[in-house]
Amino acid sequence: MNQAAEGKTYEPVPFDVSEDRVNAFHDLFGGPPGVPPTILTAAEFTVFPVVMGDPELALDFRNVVHGSQEYEFHRPVHLGETLTVQARIASIRHKGGNGFLVVEMRLNGVDGEMVAIARSTMIERAVSA
Amino acid sequence: MSIRLQDLRVGDALPALARTVTREDVRAYADASGDQNPLHQDDDVARMVGFSGIIAHGMFTMGHLGACVAAWVGDPANIVRLSAQFRAPVFMGEEIVAGGRVRSLDEETHAVVAELWVTVERDGKTEFAIRKGEAEVRLPN
């Protein structure tokens, strides 16, 4: 991974919290009525492949595993609303031969208010010789 | 059904939620989430990176954990934070069990923090697909 990519931001992308999307999650996971918290994964995936494949980041994505994930809600996500998803490379660290990439996404409502933050830590594993 | 702060104690268990993970589920999850990584769809790709076959998306397992937490609080809108660390793969046909326990309660803010995990029994051992997960929920007054 290229350390210099730290801090880079990506173009904001819209994500519709559509009934179809919410129903697909409910069909898979059940749970009470309402927007399931991990619907944000689908929002992240509007941008995530762009970040992972960014030549400037130079991530060896064949050796990448998902280390951890965090969602922080500033207000509930509403069914039918459109969120704007903006990704940022929050940090790049190297430790013990592995690379740790934190991608942070801000999800804003139509009026620009912050709705949620999603943080994904990806681990680029050291390739054994 | 919603939980109430006055009924909770530190150490209380969340009702555990179990499910068996199938190929069809993981396929459907790829479409629902947009994560089309072939590691979760193509056995040959999974074998190339050292697994015996495809594994579930970490976020599939976290989706299940999220449903466990939402069922416990009664309304997903009350969840203000949800986190997970992915520690072990989940293979097709395996049963995953999501659970947790109350770590702290705040009488003033009505914030409840629970520690979370997802286990899978493999070769007579309990593996943690997710550990050190955490949820913070805000209960209505």
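What you are looking at is a predicted structure, and each value in this text was computed from that prediction instead of being measured.

A closer look at the interface of chain A and chain B
- Contact residues are listed per partner, giving 24 residues for chain A and 28 residues for chain B.
- Elements that contribute at least two residues to the side of chain A that touches chain B include exactly helix H1 (19–29), helix H2 (40–44) and strand E2 (64–73) of chain A.
- Looking at the side of chain A that touches chain B element by element, the count peaks at eight residues for E2 of chain A.
- Of the residues contributing to the side of chain A that touches chain B, the split by class is 13 nonpolar, nine polar and two charged.

A look at the confidence of the model for chain B
- Confidence in the prediction for chain B averages 96 pLDDT; 99% of positions are at 70 or higher.
- The ipTM, which scores confidence in the relative placement of chains, is 0.95 for this predicted complex, and the corresponding pTM is 0.96.

As for the sheet that holds strand E1 (residues 13–16) of chain A
- The 10 strands are arranged E1(A)-E3(A)-E4(A)-E5(A)-E2(A)-E2(B)-E5(B)-E4(B)-E3(B)-E1(B) in an open sheet whose pairing can be described as antiparallel. The sheet terminates laterally at E1 of chain A together with strand E1 (17–20) of chain B, the two strands that pair on one side only. Taking each pair of neighbouring strands and ignoring which way they run, the sheet shows an average axis angle of 25 degrees.
- When strand E2 (residues 79–86) of chain B meets strand E5 (residues 125–138) of chain B, the two strands line up antiparallel, connected through six bridges. Along E5 of chain B, the bridge assignment pairs Phe 86 of chain B with Ile 130 of chain B.

So, the packing of H1 of chain A against helix H1 (residues 23–33) of chain B
- Contact geometry of H1 of chain A with H1 of chain B gives a least axis separation of 10 Å together with a crossing angle of 160 degrees. Relative to H1 of chain B, the element H1 of chain A lies roughly antiparallel. Between H1 of chain A and H1 of chain B lies a crossing whose hand is left-handed. Where H1 of chain A approaches H1 of chain B, its residues Ala 24, Phe 25 and Leu 28 of chain A are matched on the opposing element by Asp 25, Ala 28, Tyr 29 and Ala 32 of chain B.
- Its residues placed into classes, the contact of H1 of chain A with H1 of chain B shows six nonpolar, no polar and one charged.

About the criteria used
- Residues numbered from 1 in each chain as written.
- Chains lettered and ligands numbered in written order.
- Predicted model: local features only at pLDDT ≥ 70, side-chain atom pairs only at ≥ 80, totals over all residues.
- Contact = placed C-beta atoms within 7 Å.
- Helix = DSSP H or I, 4+ residues; strand = E, 2+ residues; numbered from the N terminus.
- Nonpolar A, V, L, I, M, F, W, Y, C, P; charged D, E, K, R; others polar.
- pLDDT = per-residue confidence, 0-100.
- Pairing = 2+ DSSP bridges.
- Axes fitted to C-alpha atoms, helices over the stretch in contact; angles between N-to-C directions.
- Parallel < 35°, antiparallel > 145°, perpendicular 65-115°, else oblique.
- Left-handed = near helix turned anticlockwise from the far one by under 90°.

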